[in-house]
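Structural features, examined
One-letter residues, chain by chain:
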Amino acid sequence: MAAWRDAPELPDFSLLKRLARDQLIFLLEQVTRPPTVSLYSSFFKKQHEVDKLYKVELKPIVSSSDQLCFLIRPRIQTVKWISDLVNADKVAGRFRRYKIIFTPQKFYACETVLEEQGVYGDVTTDEWNFYILPLDDDILSLELPEFFRDNFLEGDQRWVTTAGSALHLLQSVYGSFSKVYGIGRCAKMVYESWRELMEEGEQRTRQPEFAKVFLVDRDVDFVTPLCSQVVYEGLVDDLFRIKCGTVELGPDVTSSDKSIKVMLNSQDKVFSEIRNEHFSNVFGFLSQKAKNLQTAYDKRRGMDIQQMKAFVSDELKGLKQEHRLLSLHIGASESMMKKKTKQDFQELLKTEHSLLEGFEIRECITYIEEHINRQVSMIDSLRLLCLLSITENGLLSKDYRSLKAQYLQSYGIKHLLTFANLRQLGLLEEQQAGETLTVMESKVGKLVNDKTVGKLTDAFSSLAKKSNFRALSKRLALVPKSGEEYDLRVPRDMAYVFSGAYIPLSCKLIEQVLERDGWTGLEEVTRMLNGQEFAVTEARNKTDAQRIVLVMFLGGCTFSEISALRFLGKERGCRFVVVTTAITNSARLLEALLDNHA
């Protein structure tokens with residue numbers, strides 16, 4: 001492996017927090033008296049005369065305040081709840097002032113609900129344009145988990161302008177982009193939305209802090225979020241659910257009777273060193289860290305009073321903090337080990353790897369059937385079914401019908417609509433008669449080699465809904481040859497994030513496009529991915545910013561992908577900043593596609 005080059009400094013994203021905070025302060029100060037505020041956070045109560053804070057939980061609010069201010073996402077259900085509250089006050093003969101602050105923007109549909117409920121004249125509305133939340137030095141999130149279902153399943157494109165506005169904000173604060181690459185229908189729309197905002201606004205010339213941008217749709221690569229995560233941060237997310245950069249660790253981790261919330265970012269010195277590591281390396285690291293910490297404590301022996309005084313003032317606080325964090329991460333690791341052993345994790349990983357490689361498919365189907373019939377996990381069973389379908393370009397009719405029937409018997413007939421949703425997205429499909437993998441590949445090959453094919457025909461578009469994973473895997477070398485030894489302690493490529501079994505397709509695409517400075521030479525790949533790729537030169541900036549690449553995932557991004565991009569950045573001497581609509585994993589992805597009543 002090539003020696004890692006020094007990476008450039010990242011921009012200061014705390015500016016985004018300050019901008020958002022100042023705008024919210026301005027909006028709150030427009031309220032004439034101390035209001036009762038219903039929102040998700042409590043960082044303004046003392047400084048800005050907020051009377052009481054409530055988390056929006058769609059329950060009645062008991063407040064004597066004559067002003068209520070709601071800070072909410074533009075969701076119809078929440079607006080209906082506010083309308084009910086206003087109407088209940090009217091019936092009770094109570095007069096109050098109501099203000100709704102929508103974030104990140106206000107939608108016409110929400111105002112229509114206020115009108116339909118007869119409260120439009122009673123409520124004032126405003127917008128808090130908080131588009132991006134910095135979760136860490138190199139992770140920014142729009143915190144829109146609904147983006148995936150709304151856009152890719154429902155075809156609701158209202159969040160496209162939000163993503164375009166987020167890009168515009170980044171460019172306004174950190175300078176212009178020189179090159180924009182993208183793949184996917186949504187990526188193209190976000191790019192166009194951003195360009196419109198650019199043309200409307202005034203152009204400021206300033207030194208760019210990052211220059212290249214890559215936009216990628218989640219439906220370009222469904223395999224990656226369906227695989228079990230094995231890097232430390234990914235596992236923590238899979239088991240404990242990281243929300244807005246924090247995780248709640250229960251008594252089994254804290255060794256007490258309380259749960260505690262912990263921030264997980266680069267400020268946690270223990271976490272920052274293990275977050276991207278394969279889980280098999282974590283215990284060794286934590287053990288060594290514990291020994292080093294003990295050695296640092298032992299330095300106290302034999303100190304005179306002056307040395308002890310200096311030790312207490314300079315080092316002791318830091319050591320105690322590190323000790324607390326180390327205890328938590330050791331507890332979390334032990335808890336993970338217990339849970340993963342219980343679920344027969346190694347057998348699960350072996351099945352996933354066989355599916356990725358295309359080996360022993362009948363054995364994999366038998367394993368999935370056992371998994372379903374033992375009712376091990378509803379989401380895991382669905383995840384394995386989807387992996388089987390995508391990697392095999394759909395299931396044979398007899399397998400599809402049999403597995404679907406078994407799943408519905410095990411987990412309930414209510415999941416019929418879930419199967420329809422999965423089918424619509426191409427996640428779980430039945431092969432049409434005669435469309436075996438070989439036939440599919442030959443059709444794709446014929447279309448790719450036919451130079452007279454200009455725009456994609458309808459026939460090819462319908463064909464391209466299939467995943468073509470096996471052909472893509474071969475073309476991009478996503479699955480290392482079986483039998484090769486892979487040292488997880490010294491990873492040689494991005495495949496380490498999946499135990500050396502698979503390089504995330506999304507990350508491989510990014511690597512290839514940046515290497516070629518465009519899509520030239522990847523025509524076969526883009527056709528198998530249903531096209532919609534683009535590369536646009538916006539400006540020519542020759543600065544160190546060329547070594548910082550902004551990657552925007554539309555529909556969610558996994559911690560495994562973030563770890564893979566960090567590895568790639570170290571290898572290439574560049575840095576990746578990930579902007580995502582939300583952090584996702586297999587559970588979140590599939591839960592978003594469950595029938596709402598399931």
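About the criteria used
- Residues numbered from 1 in each chain as written.
- Predicted model: local features only at pLDDT ≥ 70, side-chain atom pairs only at ≥ 80, totals over all residues.
- Heavy atoms only, no water.
- UniProt positions renumbered as here; feature names shortened; annotations may be inferred.
- Pairing = 2+ DSSP bridges.
- Helix = DSSP H or I, 4+ residues; strand = E, 2+ residues; numbered from the N terminus.
- Axes fitted to C-alpha atoms, helices over the stretch in contact; angles between N-to-C directions.
- Contact = heavy atoms within 4.5 Å.
- Core = buried A, V, L, I, M, F, W, Y, C linked by side-chain atoms within 4.5 Å.
- Buried < 20%, exposed > 50% of the residue type's maximum accessible area, 1.4 Å probe, protein only.
- 1 Å grid on protein atoms, 1.4 Å probe; cavity = no way out; pocket = protein on both sides within 12 Å on 5 of 7 lines; lining within 4 Å.
- Points joined across faces, edges and corners; volume = space filled by probe spheres on them.
- Nonpolar A, V, L, I, M, F, W, Y, C, P; charged D, E, K, R; others polar.
- Parallel < 35°, antiparallel > 145°, perpendicular 65-115°, else oblique.
- Expected span 1.5 Å × (residues − 1).
- Phe/Tyr/Trp six-rings, centres within 6.5 Å; stacked < 30°, edge-to-face > 60°.
- Lys NZ or Arg CZ within 6 Å of the ring centre and 35° of its normal.
- pLDDT = per-residue confidence, 0-100.
- Salt bridge = Lys/Arg side-chain N within 4 Å of Asp/Glu carboxyl O.

If you look the protein chain up in an unreviewed UniProt entry, it shows as Vacuolar protein sorting-associated protein 33B from Sinocyclocheilus anshuiensis. We quote the UniProt Sequence similarities (unreviewed entry) comment for the protein chain here in full: "Belongs to the STXBP/unc-18/SEC1 family."

1. Quick look at the sheet that holds strand S14 (residues 575-580)
Spatial strand order, S6-S7-S14-S13-S9-S8-S12: 7 strands in an open sheet with mixed pairing. In this open sheet, the two edge strands, each paired with only one partner strand, are strand S6 (133-136) and strand S12 (533-537). Direction aside, the axes of adjacent strands within the sheet are offset by 20 degrees on average. Here S6 pairs with strand S7 (residues 139-141) via 3 bridges, running antiparallel. Its bridge partner lying in S7, Asp136 is registered against Ile139. Taken strand by strand, helix H6 (residues 185-200) contacts strand S8 (179-183), strand S9 (212-217), S12 and strand S13 (548-554), and its axis lies near 135 degrees from that of S9.

2. Overview of the nonpolar core
One broad trend across soluble globular proteins is that nonpolar side chains are buried collectively. With 166 residues, the main nonpolar core has Leu170, Leu215, Tyr502 and Met552 as its most contacted residues. In terms of nonpolar packing, the next biggest core, distinct from the first, is built from 9 residues, Cys69, Leu71, Trp128 and Phe130 among them.

3. Details of empty space enclosed by the protein
Applying the stated criterion to the full structure yields 5 cavities of 30 Å³ or more. Approximately 60 Å³ is the volume attributed to the largest cavity. Lining the largest cavity, in full, are Tyr232, Val236, Val247, Leu249, Val262, Leu264, Asp268, Leu325, Leu328, His329 and Ala332. Of all the secondary structure elements, the ones that give two or more residues to the lining of the largest cavity are helix H8 (232-240), strand S10 (246-249) and helix H12 (305-342). Among the elements that line the lining of the largest cavity, the one with the most residues is H12, at 4 residues. Its residues assigned to classes, the lining of the largest cavity comprises 9 nonpolar, 1 polar and 1 charged.

4. Structural notes on the pairing of S10
Side-chain alternation along S10 places Val247 and Leu249 on a buried face and Thr246 and Glu248 on a face that remains uncovered. As paired elements, S10 and strand S11 (residues 260-263) share 4 bridges and run antiparallel to each other. Each bridged residue has a counterpart across the sheet, and for Glu248 the counterpart in S11 is Lys261.

5. Thoughts on the packing of helix H1 (residues 14-29) against helix H5 (residues 158-174)
Closest axis-to-axis distance for the H1/H5 pair is 11 Å, and the angle between their directions is 110 degrees. As judged from the angle between their axes, H1 and H5 are roughly perpendicular. Facing H1, whose interface residues are Leu15, Leu16 and Leu19, H5 presents Leu169, Leu170, Val173 and Tyr174. Per-class residue counts for the contact of H1 with H5 are 7 nonpolar, no polar and no charged.

6. Describing the environment of Leu133
Topologically, Leu133 is positioned in strand S6. Taking the relative accessible area as the measure of exposure, Leu133 reaches 22% and is therefore partly exposed. Taking the C-alpha atoms as reference, Leu133 lies 9.8 Å from Gly245; in sequence the two are 112 residues apart.

7. Brief notes about the environment of Lys99
Note on placement: Lys99 falls in strand S4 (residues 97-102). Along the sequence, Lys99 and Thr124 sit 25 residues apart, while their C-alpha atoms lie 4.8 Å from each other.

8. Description of the packing of helix H15 (residues 378-391) against helix H16 (residues 397-411)
Remark: H15 packs on H16, axes separated minimally by 11 Å, with the N-to-C direction vectors making an angle of 170 degrees. As the angle between them shows, H15 and H16 are arranged roughly antiparallel. Every residue of H16 that contacts H15 at Met378, Ser381, Leu382, Leu385 and Leu388 is listed here: Leu403, Tyr407 and Tyr411. Per-class residue counts for the contact of H15 with H16 are 7 nonpolar, 1 polar and no charged.

9. Focus: H15
Between its terminal C-alpha atoms H15 stretches 20 Å, which fits the 20 Å expected from 14 residues at 1.5 Å a residue. Buried residues dominate H15, accounting for 13 of its 14 residues.

10. So, the packing of aromatic side chains
Evaluated as defined, the whole model comprises 21 aromatic pairs. Ring centres of Tyr174 and Phe210 lie 5.9 Å apart, and the angle between their planes is 40 degrees; this geometry places the pair in the tilted category. Residue Tyr174 is found in helix H5, and its partner Phe210 is found in the loop between H6 and S9; the two are separated by 36 residues along the sequence. With centroids separated by 6.1 Å and ring planes inclined at 55 degrees, the aromatic side chains of Phe469 and Tyr502 adopt a geometry described as tilted. Pair noted here: Phe469 is in helix H20 (residues 469-476) and Tyr502 is in the loop between H20 and helix H21 (505-516), with a separation of 33 residues, a long-range link. Across the pair, Tyr502 and Phe469 agree in class, each one buried. Directly above the aromatic system of Trp194 lies the positively charged group of Arg195, at a separation of 5.8 Å from the ring centroid.

11. Some remarks on the confidence of the model for the protein chain
For the protein chain, mean pLDDT is 83; residues scoring 70 or higher make up 80% of the total. Across the protein chain, the secondary-structure element scoring lowest on mean pLDDT is helix H19 (residues 458-464), at 38, and the one scoring highest is helix H7 (residues 223-226), at 97. Low pLDDT (under 50) marks residues 40-48, which in the prediction has 18 contacts with non-local residues, meaning those over four places away or in another chain. Every residue in residues 437-464 scores below 50 in pLDDT, and together they form 32 contacts with partners more than four places removed in sequence or on other chains.

12. Concerning H6
Between the first and last C-alpha of H6 there are 23 Å, a value that for 16 residues agrees with the 22 Å anticipated at 1.5 Å per step. If you check which residues of H6 are buried, you get Cys186, Ala187, Met189, Val190, Tyr191, Ser193, Trp194 and Met198. Tucked inside the fold, the buried residues of H6 contact helix H4 (146-153), H5, S8, S9, S12 and S13.

13. Remarks on the pattern of salt bridges
Two side chains carrying opposite charge are able to pair once their charged atoms lie near each other. One pass over the full model with this rule turns up 31 salt bridges. With its nearest N and O atoms 3.5 Å apart, the salt bridge here joins Arg158 to Asp150. Between Arg383 and Glu352 there is a salt bridge, and its shortest N-O distance comes to 2.7 Å. One end of the pair, Arg383, is in helix H15; the other, Glu352, is in helix H13 (residues 345-357), and 31 residues separate them in sequence. Across this residue pair, the class does not change: Arg383 and Glu352 are buried. By sharing partners, the salt bridges in this structure join Asp136, Asp138, Glu233, Arg275 and Arg566 into a single network.

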